[in-house]
Amino acid sequence: MKKNIVVLISGRGSNLESIISAANKKNFPAKISLVISSNRSALGLKIAEKNHIKNFVVEQKEFSNNELYEEDLIGKIVQQDPSLICLAGYMKILSKKFINKFKDKIINIHPSLLPDYKGLNTHERAIRAGEKYSGCTVHYVTEELDGGKIIAQERILISPSDTPETLSRKVLEREHIIYPKTIESLLS
Ligand code: GRF
């Protein structure tokens, strides 16, 4: 039987879509049993709908504080008994309490060669610094932002003509391969 995974998103959802396509294959060890978006207007919600995946919007602004927001999130996630929680463009920082609740089960994909370029605007910063390579990294989520143990990483050559947009497209293409592949190897 396939294991459950929960995917947390905030926006476009292209990584979500790549995990859905992989999970549709018979031999993939998991299925997405729930998608939660921190943002009502996330395009990724449409992708979940189209693929008949249960989805919720849980917006921080509906709660008087972050603890209550996360309690609601935890309640919804626990019901799925997930083997993994995959952050895919989820733009909120999770608390220690949340991370400890799902110890070693939360992973994220980040568009840089971690530990370089944690945080936002990774492509712009890498190009500006004259880096030869960029890439993407799948890592465990810990309290340190983008600082958890690296699980998988792919390197991509930055060409002199690359802009943050072209580099982002190249890296994203690779993200769509490495993220499902990593999930598959973690859960097989
Ligand atoms: C990706 O670049 C991912 O690496 C980063 O956020 C972006 C999400 O894109 N964490 P999408 O919503 O999966 O299209």
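For the structure, check the block above.
The rules we used
Residues numbered from 1 in each chain as written. Predicted model: local features only at pLDDT ≥ 70, side-chain atom pairs only at ≥ 80, totals over all residues. Heavy atoms only, no water. Salt bridge = Lys/Arg side-chain N within 4 Å of Asp/Glu carboxyl O. Helix = DSSP H or I, 4+ residues; strand = E, 2+ residues; numbered from the N terminus. Buried < 20%, exposed > 50% of the residue type's maximum accessible area, 1.4 Å probe, protein only. Contact = heavy atoms within 4.5 Å. Core = buried A, V, L, I, M, F, W, Y, C linked by side-chain atoms within 4.5 Å.

Undergrad: Give a description of the pattern of salt bridges that names residues and reports values.
TA: For the structure shown, the criterion picks out 10 salt bridges. Close ionic contact of Lys 97 with Glu 67 constitutes a salt bridge, the shortest N to O distance being 3.6 Å. Remark: Glu 67 occurs in helix 3 (residues 66-78) and Lys 97 occurs in helix 4 (residues 96-101); sequence separation between them is 30 residues. The shortest N-O distance in the salt bridge between Lys 170 and Asp 162 comes to 2.6 Å. On the basis of relative accessibility, which here comes to 30%, the residue Lys 170 falls in the partly exposed class. On the accessibility criterion, Asp 162 (9% relative accessible area) is buried.

Undergrad: Run through helix 1 (residues 14-23), naming residues and quoting values.
TA: The element helix 1 is extensively covered by neighbouring structure, given that eight of its 10 residues are classed as buried. Within the span of helix 1, buried status applies to Ser 14, Asn 15, Leu 16, Ser 18, Ile 19, Ile 20, Ala 22 and Ala 23. Contacts from the buried residues of helix 1 go to strand 1 (3-9), strand 2 (30-37), helix 2 (44-50), strand 5 (106-110) and helix 6 (164-187).

Undergrad: How would you explain the nonpolar core if you had to name every residue and give the values?
TA: Nonpolar side chains tend toward joint burial in soluble globular proteins. With 36 residues, the main nonpolar core has Ile 32, Tyr 179 and Ile 183 as its most contacted residues. At six residues, the largest contribution of residues to this core is made by helix 6. Excluding residues within four positions of it along the chain, Ile 183 makes contact with Ile 5, Ile 19, Phe 28, Leu 84, Cys 86 and Ile 107. Within the second largest apolar cluster, 18 residues are counted, among which are Tyr 69, Ile 77, Phe 102 and Ile 106.

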